[in-house]
Amino acid sequence: MKRIYFDHSATTAVDADVAKLMLEYMTEKFGNPSSIHSFGREVRKAVDEARGHVADLIGANANEIFFTSGGTEADNIALKGVAFANRKKGNHIITTAIEHHAILHTCEYLEKQGFSITYLPVDENARVRIEDVRNAITDKTILISVMFANNEVGTLQPIKEIGEIAKEKGIYFHTDAVQAVGSYPINVKELNIDLLTLSGHKFHGPKGIGALYARRGVRLEAQQQGGGQERSIRPGTENVPGIIGLGKAAEIAKRDLEKKIAHISALRDKLMAGIQAKIPDIKLNGHPTLRMPGNVNFSFRFVEGESLLLNLDLKGIAASSGSACTSGSLDPSHVLLAMGLTHEVAHGSLRISLGRGNTEEEIDYCLTVLPEIIERLRSMSPLSNSSTMAENNPCSHCHKH
Ligand SMILES: *Cc1c(COP(=O)(O)O)cnc(C)c1O
């Protein structure tokens, strides 16, 4: 059976040209970039070029890019690095309720260290309200961290407006742009972004490599100590194959960005319209227009996300759900709950995240298979037999009832 990959928000395949280049930097060009001999120098040059490609992709300068082990580490360095370096100025940080756990759990850690965190709510489309950002600012606020695009529902945040407010108030602005970099145009200078997180494996680079952009002049405290690499912000011998791979992925992403967005958003629009036409009793999650080009997220009433995923998988389709049961937790997504969904509706969510390799035939196949699965699951569901879907009906799954 042909398998269809619809889970590009979770990870993507490494581009063949990226993999080829990486191999070269494991076997032949294996030098340590800190070495002064020719083996080291050729690698140093390549690392610097990769830094340039990553900077180009987001409109930064090369000396503002720090390689990390991925998005999670870059988020940690951004938050803790700014918090500990600017503690004398204040201890207040503003973020949102719908961030990735790399941000939320780091914020919880910082709370234990004496920082005070405001978690902004979002509207029913998962957008932060600008007035809420303004109202949350105090004279102790040192950092605002708002994600560029949400990983579950794809909603884009008002980044430019937040950047303007932060600049006007002299507060650092960080954005976790892991979902957007390589799939959406970003220019950190135009958007007044001081710090930005990106990750290789979300845009056809390798896993275990990412970068933090920190505008020149941002006060940042290193979160680990060592040999001084990455200007001591992230010491340790560089992950050279990863860096080279990330650089190549960034170069390819920049070259193909417009084409990629046009292709993916056309598929998304077809898929969304098809689902809406063929399946009753559904709810679109996320903003109807201000969303990532490849993100489709619906809740199907009277259906459990994990059953849906398993049934799609049997038909060869790999997707994802806002119900985290598969990862061992039975609680529904904090993002969907923050948007005001009931546990039950949150449990019936399906995320399809499209990528550059997906085709119209795959969308057509999905539009044949998905309605059949939904109909079958609903016919078996005890929930759909009751005519009312009680808003607070305890679902069979959650711990928290
Ligand atoms: C994937 C992801 C991360 C984590 O990145 P890793 O490189 O996997 O550590 C952080 N934030 C968002 C929004 C993500 O989608």
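Residues numbered from 1 in each chain as written. Predicted model: local features only at pLDDT ≥ 70, side-chain atom pairs only at ≥ 80, totals over all residues. Heavy atoms only, no water.

Comments concerning the overall build of the chain
For the chain, the helix and strand inventory stands at eleven helices and twelve strands. Principal-axis analysis of the C-alpha atoms gives the chain an extent of 70 × 50 × 35 Å. Looking at the chain residue by residue over its 401 residues, the buried ones come to 57%. As presented, the chain carries roughly 17,200 Å² of accessible surface, and 51% of it is formed by carbon and sulfur atoms. Within the chain, one finds 45 positive and 47 negative side-chain charges whose respective centroids are separated by 4 Å. (Helix = DSSP H or I, 4+ residues; strand = E, 2+ residues; numbered from the N terminus. Buried < 20%, exposed > 50% of the residue type's maximum accessible area, 1.4 Å probe, protein only. Areas by Shrake-Rupley, 256 points an atom, 1.4 Å probe, with all protein chains shown as cover. Lys, Arg positive; Asp, Glu negative; His and termini not counted. Charge placed at Lys NZ, Arg CZ, Asp CG, Glu CD.)

Looking at helix α11 (residues 360–380)
Here α11 is 21 residues long and its end C-alpha atoms lie 31 Å apart, about the 30 Å a rise of 1.5 Å per residue gives. All of the buried residues in α11 are Glu362, Ile363, Cys366, Leu367, Val369, Leu370, Pro371, Ile373, Ile374, Leu377 and Arg378. (Expected span 1.5 Å × (residues − 1).)

Thoughts on the site of the ligand
Residues in close proximity to the ligand total 13 residues, the closest being Thr72, Asp176, Gln179, Ser199 and Lys202. At a separation of 2.7 Å, an oxygen atom of the ligand approaches a polar side-chain atom of glutamine 179. Here an oxygen atom of the ligand sits 2.7 Å away from a polar atom, N or O, in the side chain of serine 199. A total of 390 Å² of accessible area belongs to the ligand in isolation, and the protein chains cover 87% of it. (Near = heavy atom within 4 Å. Polar contact = N/O pair within 3.5 Å; in protein donor to acceptor, adjacent residues only side chain to side chain.)

Quick look at the side chain of lysine 260
With respect to the helices, strands and loops of the structure, lysine 260 is situated in helix α7 (residues 240–278). For the buried lysine 260, which has no salt bridge, the nearest side chain bearing the opposite charge is aspartate 256, at an N-O separation of 8.4 Å. From its side chain, lysine 260 meets the backbone oxygen of glycine 182 in a polar contact 2.9 Å long. Here the side chain of lysine 260 touches serine 183 through a polar contact of 3.3 Å, side chain to side chain. (Salt bridge = Lys/Arg side-chain N within 4 Å of Asp/Glu carboxyl O.)

Topic: the pattern of salt bridges
Enumeration over the complete set of coordinates arrives at 19 salt bridges. In this structure, lysine 189 engages glutamate 64 in a salt bridge whose closest nitrogen and oxygen atoms are separated by 2.9 Å. In this pair, lysine 189 sits in the loop between β6 (172–176) and β7 (195–199) while glutamate 64 sits in the loop between α2 (38–58) and β2 (65–68), placing the two residues 125 residues apart along the sequence. In this structure lysine 189 comes out as partly exposed when scored by relative accessible area, which is 35%. Note that lysine 248 and glutamate 251 form a salt bridge whose closest N and O atoms lie 3.5 Å from each other. Separated by three residues within a single helix, lysine 248 and glutamate 251 lie in helix α7, roughly one turn from each other. Judged by relative accessible area, which is 24%, lysine 248 ranks as partly exposed. Salt bridges sharing partners connect three or more residues here, namely Arg255, Asp256 and Lys259.

A look at the domain arrangement of the chain
Examined at the domain level, the chain breaks down into domain 1 (4–9 + 257–392) and domain 2 (16–254). With centres defined by C-alpha atoms, the gap from domain 1 to domain 2 works out at 29 Å. Counting from both sides, the interface comprises 24 residues of domain 1 and, opposite them, 31 residues of domain 2. Of the roughly 2,300 Å² buried at the junction of domain 1 and domain 2 (both faces included), carbon and sulfur atoms supply 56%. Broken down residue by residue, the surface that domain 1 buries against domain 2 is led by Leu257, Met292 and His334, which jointly contribute 28%. (Domains from an automatic or database assignment. Contact = heavy atoms within 4.5 Å. Buried area = accessible area lost by both parts, 1.4 Å probe.)

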